[in-house]
Structures are given as C-alpha cells and as structure tokens.
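# Inside the fold
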Amino acid sequence: MAILASVISGHPLQLLAGSTGGAAAKSEVSTTAAQNTRAFPLFGRKPDGHLVNYEPNGTGGVKAGVDMGGGFGDATAIVQTNVSANGAGNDLYYRMNDKLYCTAERGNDTKLIGSGWDIYNLLVSVGNVGGAVQPDLIGRDTAGALWLYQGRTDGLWEPRIRIGSGGWNGMDRLAGRGDYTGDGKSDLIARSTDGTLYIYPGTGNAVADAALGSRVIVGKGWDAYVLLVSTGDNDGDGKADLIASDKAGALWLFKGTGNPSAPFASRVQIGTGGWGGFNTLF
C-alpha cells in the first residue's frame, strides 16, 4: 500500500474534477437496502502500524485475524468503505498529516484525495446516510460541527454538506454502518463523553442540517467500552449490529433489533481477550 508518486491532488472542501455522479453512477452499485444487510470485515490497527483483518464468520463472530502489513502507524484517521468493484471492494481511506488517501481493494494504486483534512478531529464512514447509493464519509471539525461527504463511484467525494451545526465535540465516539431503526435508512451512532449512547436516524435527505433526525437515547454506561465500531450485519439476520471492545480487552457484539425503542439485544462475547492491543477498530 505504498503511496504512489502519481496522485490526484485537491482540497477536501471542493469537488474534484471528473465527477461520475448522477443517475448513471447510481445504477452501477448496490442499493442502500442491500448495503444495510451486508457484513463487512473488522479491521484493527496495532500501535506498530500493522493492520489486522478479521472476516465475519457468518454467525456474529469473526474469523482468525490476517496481518495485512504495516505502514499505518502515522495515520491520524483510518476508515473503510465499499466503493471499488461496484461496491464489492473494501477500500481504505486514511489521513497522513493533512492529506487524505485512498487505497482500493479492487484497484491499481493509491490515490491522494486531497489536502486540508486536518480541519477534522474525527473522521468516520457510516454507510449511506445522505440517500445516495455510495457510502458516505463524516467529519467533525474543531468547532464541533458535523459534515457529510457523499461518495462517488470514482472513490472521490461530492462537496461537503453540514449535517450538524455544533455541539458534536461532546461526543467521543461515532459509529454506524446500516439501519438501526428499521426504516431502511442508514443511521449514525454517537456516544457522549458521559457514556450515553444515541442513535441519530438518517433521513436520506442530503440537505444542510437535514440529513439526521431527532436522536434516540439507547442508554447510559457505554463508557465501559473503549472502542465502538459497526461492520454492518455481522450475524446475518438482516439487521445492522454494533461491536465494542471493553477495558479488559474483550470483544462484544450487540445484535441489532431494528426497533428504535430497543435497538440492541443483550451483548454476546465474541472475543475473549487481546483486543486492547488495538488503538483503533474500523
């Protein structure tokens, strides 16, 4: 995954040239509903910069990890999305200093997406929140505003849209990759610094400050977990799930129910230890 000398340059606040968006692009990829019922790999990064890939085992757990190599220790943000190969690839987006890069699983090189991405203190990919077909990227700026970048078939992003005017610095974790409320639209999960977990339902409306609906309180006590991540429908029941690592290094699966008033079933342990050795899960 070495960064190539020949790359595409730009700025995250601007649309890069060569858009392939629109109705034609949407017809080339899977629907939102299909993405809401898909299971994705779980990636972990170790402090030495190595990535480990854990494929889903189909019943809620993960298979044995596969070391994907190093070089990611200096990345200040790293996420996965499925853009390449008409949505079948698991692609990595990562920030080095102020630059955002993409390495496609089903591609030929690493692309520089743009510079200036250090304006965000948190980046996360949570699937399709804005209503387009491609998965989206969400960034939180230092003022606490939240911004949505809708994905394109070429791996780049549409111009950003503000989806939260402020207050998001009160959240220490953002996650989600699918529908947690049962309405067929991808949602955003957020944990506040006091340990309260919320679901912000996606509206499918990529309009300023209108992409997220009124939040739903999941519960308190979620500060017992170090990392929160979603890999979609991990147990194969057609509903998006949530994965959490605790302070003892165990891994837990919270199966999604699709019921907004009780969105998760009781936790199930899927990893007995060692998960504290990762400084990020995505």
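For the structure, check the block above.
Anyway, here's the lowdown on the structure attached to this text. (Residues numbered from 1 in each chain as written. Predicted model: local features only at pLDDT ≥ 70, side-chain atom pairs only at ≥ 80, totals over all residues. Heavy atoms only, no water.)

Counting its regular elements, the chain contains three helices and 20 strands. When the 282 residues of the chain are sorted by exposure, 53% land in the buried category. In the structure as shown, the chain presents an accessible area of about 11200 Å², 50% of it carried by carbon and sulfur atoms. (Helix = DSSP H or I, 4+ residues; strand = E, 2+ residues; numbered from the N terminus. Buried < 20%, exposed > 50% of the residue type's maximum accessible area, 1.4 Å probe, protein only. Areas by Shrake-Rupley, 256 points an atom, 1.4 Å probe, with all protein chains shown as cover.)

Below, the discussion takes up the side chain of Asp91. Mapping Asp91 onto the fold places it in strand β5 (residues 91-96). Here Asp91 falls in the buried class, since its relative accessible area comes to 1%. A polar side-chain atom of Asp91 sits 2.9 Å from the main-chain amide nitrogen of Val83. (Polar contact = N/O pair within 3.5 Å; in protein donor to acceptor, adjacent residues only side chain to side chain.)

A few words on the nonpolar core. With 17 residues, the main nonpolar core has Ile138, Leu146, Trp168, Leu174, Leu188, Tyr200 and Leu212 as its most contacted residues. Among the secondary structure elements, those contributing two or more residues to this core are β8 (120-124), β10 (146-150), β12 (171-175), β13 (188-192) and β14 (197-200). Core analysis: the second largest hydrophobic core is formed by 16 residues, Val83, Tyr93, Ala145 and Trp157 among them. (Core = buried A, V, L, I, M, F, W, Y, C linked by side-chain atoms within 4.5 Å.)

Now for the layout of surface pockets. By volume, the largest pocket is sized at about 510 Å³. Residue lining of the largest pocket: 26 residues in total, with Ile78, Leu123, Arg173, Thr280 and Leu281 positioned closest to the centre. Top element by residues in the lining of the largest pocket is strand β4 (residues 75-81). It accounts for five residues. Looking at the lining of the largest pocket residue by residue, the classes come out as 13 nonpolar, eight polar and five charged. (1 Å grid on protein atoms, 1.4 Å probe; cavity = no way out; pocket = protein on both sides within 12 Å on 5 of 7 lines; lining within 4 Å. Points joined across faces, edges and corners; volume = space filled by probe spheres on them. Nonpolar A, V, L, I, M, F, W, Y, C, P; charged D, E, K, R; others polar.)

Across the sheet, four strands lie side by side as β8-β9-β10-β11; this open sheet has antiparallel pairing. Two strands in the sheet have a free side with no partner beyond their single neighbour: β8 and β11 (161-164). In this sheet, neighbouring strand axes are inclined to one another by 30° on average, regardless of whether the strands run parallel or antiparallel. Two elements, strand β9 (residues 136-141) and β10, share five bridges in a ladder whose sense is antiparallel. (Pairing = 2+ DSSP bridges. Axes fitted to C-alpha atoms, helices over the stretch in contact; angles between N-to-C directions.)

Our next topic: the environment of Phe72. Mapping Phe72 onto the fold places it in the loop between β3 (66-69) and β4. Residues Phe72 and Met96 lie 24 residues apart in sequence; the distance between their C-alpha atoms is 8.8 Å.

A word on the packing of aromatic side chains. Here a ring pair, both rings aromatic, is described through the centre-centre distance and the interplanar angle of the planes. All chains considered together, the criterion is met by 18 aromatic pairs. Seen in terms of ring centroids, Tyr198 and Tyr200 are 6.4 Å apart; in terms of plane orientation they differ by 50°. Their pairing is tilted. By the burial criterion, Tyr198 is buried, and Tyr200 matches it. Members of the aromatic cluster, joined through ring pairs, are Tyr180, Trp222, Tyr225, Phe254 and Phe264. Positioned above the aromatic ring of Phe40 is the side chain of Arg177, whose terminal nitrogen or guanidinium carbon lies 3.6 Å from the ring centre. Of note, Arg267 hangs over the ring of Trp252, and the distance from its end group to the ring centre comes to 3.6 Å. (Phe/Tyr/Trp six-rings, centres within 6.5 Å; stacked < 30°, edge-to-face > 60°. Lys NZ or Arg CZ within 6 Å of the ring centre and 35° of its normal.)

Burial within β9 is extensive, with six of its six residues counted as buried. Burial along β9 is two-sided: Asp136, Ile138 and Arg140 facing one way and Leu137, Gly139 and Asp141 facing the other are all buried. A loop of four residues connects β9 with β10, the two strands running antiparallel in sequence, and Gly144 in this loop sits at a positive phi of about 95°.

Below, the discussion takes up the pattern of salt bridges. In total, this model carries four salt bridges according to the counting rule given. The salt bridge partner of Asp154 is Arg152, with a shortest N-O separation of 2.5 Å. Between Asp172 and Arg191 there is a salt bridge, with the nearest N and O atoms lying 3.0 Å from each other. Of the two residues, Asp172 sits in strand β12 while Arg191 sits in strand β13, which places them 19 residues apart along the sequence. Relative accessible area serves as the criterion here: at 31%, Asp172 is assigned to the partly exposed category. (Salt bridge = Lys/Arg side-chain N within 4 Å of Asp/Glu carboxyl O.)

Spatially, the four strands line up as an open sheet ordered β16-β17-β18-β19, and their pairing is antiparallel. Either end of the sheet is taken by a strand with one partner, and the two such strands are β16 (225-229) and β19 (268-271). Across the sheet, the axes of successive neighbouring strands diverge by a mean angle of 30°, strand direction being ignored. Two elements, β16 and strand β17 (residues 242-246), share four bridges in a ladder whose sense is antiparallel. Looking across to β17, one finds that Val229 is bridged to Ile243.

Here we come to the environment of Met68. Inspection of the secondary structure puts Met68 in strand β3. Linking Met68 and Leu51, residues 17 residues apart in sequence, is a C-alpha distance of 5.3 Å.

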